[in-house]
Amino acid sequence: MSKTYVAVDIGASSGRLMLGYSTEGKLQLKEVHRFKNGFAKKEGYDCWDIDHILQEIFTGLEKVKKLGFQDVVLGIDTCAVDYVLVGKDGQRLKDPVSYRDARTKDSIAKLTSDLSKDYIYEKTGIQFLDFNTLYQLFEEDKDLLAKTDKILMIPDYIGYVLTGKAVTEVTNASTTQMLSLREGLFDQHLLDKVNVTHDQFPKLVDPGTNLGAVSDQWYEKYDLPRKVNVITVATHDTASAVVGTPATGQRWAYLSSGTWSLIGTELNVPENGEKAFKHNYTNEWGAYGTYRFLKNIMGLWIIQNVKEELDDDYSFAELAELASHEEPFQQLIDVNDDRFQNPANMIQEIQAYCQETNQEIPQTPGEIAMAVYSNLSLYYANELAVLGDILGYKIDDLNIVGGGSNVALMNQLTATIAGVNVYAGPSEATAIGNIIVQMIAQGDILNVYLARRIIADSFPIKKYTPGQEPFAAKLTEYQDFLKKTKEKTVEGGMLA
Ligand SMILES: Nc1ncnc2c1ncn2[C@@H]1O[C@H](COP(=O)(O)OP(=O)(O)OP(=O)(O)O)[C@@H](O)[C@H]1O
Ligand SMILES: C[C@H](O)[C@H](O)[C@@H](O)C(=O)CO
Ligand SMILES: [Mg+2]
């Protein structure tokens, strides 16, 4: 048996500690601890409860010890862009604001009034999302920034709390939209633009960097395994998900399907040309010198809100089951419309959208869930066509990983509409990718290509073929609908 590894995977909706080790050439994964994650209003901002997250990590580590593991390696991954400001005394200056907060909704226009989007995209190759770190820092309290000794991305902050070592891991640093592709450093113009200095970000490190042991101070408070050595993995959770995607072949794409749906592929050189810029594709840095050429899609965040607004009367599996009894595409919805980013009530927002576009309004939980799932499938198919157009080749295989890989109807609809083979699973690809980087750093696995074969042999992966369903022509209708609604959105007003 290899060493014992612990993945701390903090998703936007749930966090988990997973134990991983390999025996007889297969990877074993065991969930040790899971907890709900989310943001809440604090002093007027939507904030992550970082103390809750830290407490749950220590609780999970105590469970690891109770299972008899005394000597483990640990890696941390979380969602992107968000950060913690640390003062000169090494303490947090405030709670981290969530990217869902409205403080940056007008920031792109403000920041690019005198620094062009062309410059920023040519420099960074990163998609324009109004919550990127660049815009959050632009809106940040200037007095607080002046008092800031370190700006730590959330997983780097957790590593800093655990070990006392402060670094900036590159996969997550790239999501700031401040890293220069060419120089491999934070771009000076962009730092200046947000009144931040180079040395306020700790040194940039690659995935697989050893941070060292959990500090002694924590052993006075918690009953932890005797030795916990922390390694900086691909700390943006999507970067870990991509490492954990069991793709083979040449023309493959991934869909990391969780709170967000991240659809894209893995490149060895960035693609920040005209088409990529026009379609707002991003070049987030991946592990091992790769680039995650991808697009953010609103994802299962929509269903998470629907579930909550139905008072959690239905599990996700039950909502998917109810949806499967409904006809797909009863309405066409631009699921990436900003109005779905953080509405007061998601169900009402979906219904209002359908009314404004003169379409049948979904009413029952099954109708609402099918409206979401079938339009996500259409959106995925559309983006696969765009991805192929930018790259100059058709994508053959789509690997769907993350919790969304459990939604069979969405996997099948996507395969049929996009005309691709869909390989669904593993749903815990992020935690698996987290562990793989640790195993490679420790010499337990040679490289990521061999790791992906081990993953494919270790976890159930379900294949969905395009089939002859009558929906393939639906994509053209959806593309026309998106074009029309985007034009109308620009002009405002109801759709004809
Ligand atoms: N059995 C299931 N049936 C249907 N949907 C499911 C099932 N299990 C998970 N999901 C979907 O997967 C989503 C969670 O996916 P996942 O666990 O990858 O997200 P996360 O890691 O918590 O968050 P993030 O996307 O921020 O990493 C849920 O919101 C739900 O919509
Ligand atoms: C804000 C980012 O796009 C976000 O973190 C996304 O990458 C994600 O949540 C993946 O789980
Ligand atoms: Mg996740």
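Residues numbered from 1 in each chain as written. Chains lettered and ligands numbered in written order. Predicted model: local features only at pLDDT ≥ 70, side-chain atom pairs only at ≥ 80, totals over all residues. Heavy atoms only, no water.

Colleague: Run through the overall build of the protein chain, naming residues and quoting values.
Modeller: Each helix and strand in the protein chain was counted, giving 18 helices and 19 strands. Taken over C-alpha atoms, the radius of gyration comes to 22 Å for the protein chain, in line with the 23 Å a tight globule of 496 residues would show. Along the three orthogonal principal directions, the C-alpha set of the protein chain runs to about 65 × 55 × 45 Å. In the protein chain, buried positions account for 60% of the 496 residues. A separation of at least 24 residues holds for 73% of the contacts in the protein chain among residues at least 6 apart in sequence. Working note: accessible area of the protein chain is about 19600 Å², and carbon and sulfur atoms make up 49% of it. Here the protein chain contributes 47 positive and 68 negative side-chain charges, whose respective centroids are spaced 4 Å apart. (Helix = DSSP H or I, 4+ residues; strand = E, 2+ residues; numbered from the N terminus. Rg over C-alpha atoms; globule rule 2.2 N^0.38 Å. Buried < 20%, exposed > 50% of the residue type's maximum accessible area, 1.4 Å probe, protein only. Contact = heavy atoms within 4.5 Å. Areas by Shrake-Rupley, 256 points an atom, 1.4 Å probe, with all protein chains shown as cover. Lys, Arg positive; Asp, Glu negative; His and termini not counted. Charge placed at Lys NZ, Arg CZ, Asp CG, Glu CD.)

Colleague: Explain the site of ligand 1 residue by residue, including any values.
Modeller: The local shell around ligand 1 holds 19 residues, among which Ala12, Ser13, Ser14, Thr259 and Gln304 are the closest. A distance of 3.4 Å separates an oxygen atom of ligand 1 from a polar side-chain atom of aspartate 237. If ligand 1 stood free it would expose 640 Å²; the protein chains cover 83% of that surface. Contributions of two or more residues to the shell around ligand 1 are made by β2 (14–23) and α12 (316–323). Here the residues of the shell around ligand 1 sort into six nonpolar, 11 polar and two charged. When residues of the shell around ligand 1 are sorted by domain, at least three fall in each of domain 1 (4–237) and domain 2 (247–425 + 466–496). (Near = heavy atom within 4 Å. Polar contact = N/O pair within 3.5 Å; in protein donor to acceptor, adjacent residues only side chain to side chain. Nonpolar A, V, L, I, M, F, W, Y, C, P; charged D, E, K, R; others polar. Domains from an automatic or database assignment.)

Colleague: Could you give me a rundown of the packing of aromatic side chains, with the residues and numbers involved?
Modeller: The full count for this structure, using the stated rule, is 21 aromatic pairs. Between phenylalanine 39 and tryptophan 48 the ring centres are 5.9 Å apart and the planes differ by 85°, which places this aromatic pair in the edge-to-face class. Measuring from ring centre to ring centre gives 6.5 Å for tyrosine 478 and phenylalanine 481, while their planes differ by 20°; the resulting arrangement is stacked. Of this pair, tyrosine 478 and phenylalanine 481 both sit in helix α18 (residues 474–491), separated by three residues, roughly a single helical turn. The same class applies to tyrosine 478 and to phenylalanine 481, which are both buried. Put simply, the rings of Phe39, Trp48, Tyr99, Phe131, Trp260 and Trp301 touch in pairs and so form one group of aromatic residues. Cation over ring: arginine 100 sits above tryptophan 301, and NZ or CZ is 3.7 Å from the ring centre. Note that lysine 462 overlies the ring of tyrosine 464, its terminal NZ or CZ placed 4.6 Å from the centroid. (Phe/Tyr/Trp six-rings, centres within 6.5 Å; stacked < 30°, edge-to-face > 60°. Lys NZ or Arg CZ within 6 Å of the ring centre and 35° of its normal.)

Colleague: Quick rundown of the environment of asparagine 268? Include the residues and the values.
Modeller: By the secondary structure assignment, asparagine 268 is in the loop between β14 (261–267) and α10 (274–278). Residue asparagine 268 is classed as exposed on the basis of its relative accessible area, which comes to 61%. The spacing of asparagine 268 and valine 228 is 40 residues in sequence and 33 Å in space, taken between C-alpha atoms. In this structure asparagine 268 touches Gly289, Thr290 and Tyr291, once residues within four positions along its chain are discounted.

Colleague: Requested: an account of helix α13 (residues 346–356), with residues and values cited.
Modeller: Within an α-helix, residues lying three or four positions from one another point in the same direction, as the helix has 3.6 residues per turn. All buried positions along α13 are accounted for by Met346, Ile347, Ile350, Gln351, Tyr353 and Cys354. With its buried residues spanning 155° around the axis, α13 presents them on a single face. Residues of α13 that are exposed and point more than 90 degrees away from the buried face comprise Gln348 and Gln355. By the N-cap criterion, in which a side-chain oxygen at the helix start approaches the backbone nitrogen of a residue two or three places on, α13 is capped by asparagine 345, the distance to isoleucine 347 being 3.1 Å. Just past α13, the residue asparagine 358 takes up positive phi, approximately 50°. (Arc of directions from axis to C-beta.)

Colleague: Give me the lowdown on the UniProt feature "domain: Carbohydrate kinase FGGY N-terminal" (unreviewed entry) in the protein chain, citing residues and values where you can.
Modeller: Under the feature "domain: Carbohydrate kinase FGGY N-terminal" (unreviewed entry), the UniProt entry names residues 5–244. The span residues 5–244 carries 29% helix and 29% strand; its end-to-end C-alpha distance comes to 15 Å. (UniProt positions renumbered as here; feature names shortened; annotations may be inferred.)

Colleague: How would you sum up the nonpolar core? Please name residues and give values.
Modeller: Ile350 and Tyr373 are the most contacted members of the largest nonpolar core, which totals 143 residues. Two domains each put at least three residues into this core: domain 1 (4–237) and domain 2 (247–425 + 466–496). In this structure, Leu27, Ala431, Ile436 and Phe459 belong to the second largest nonpolar core, which totals 21 residues. (Core = buried A, V, L, I, M, F, W, Y, C linked by side-chain atoms within 4.5 Å.)

Colleague: Residues and numbers for the side chain of asparagine 283, please.
Modeller: Within the fold, asparagine 283 resides in strand β15 (residues 282–285). Given a relative accessible area of 0%, asparagine 283 falls into the buried group. There is a polar contact of 2.7 Å between the side chain of asparagine 283 and the backbone nitrogen of glutamate 271. Apart from residues no more than four positions distant in its own chain, asparagine 283 is found in contact with Tyr121, Gly125, Ile126, Pro270, Glu271, Asn272, Tyr291, Arg292 and Phe293.

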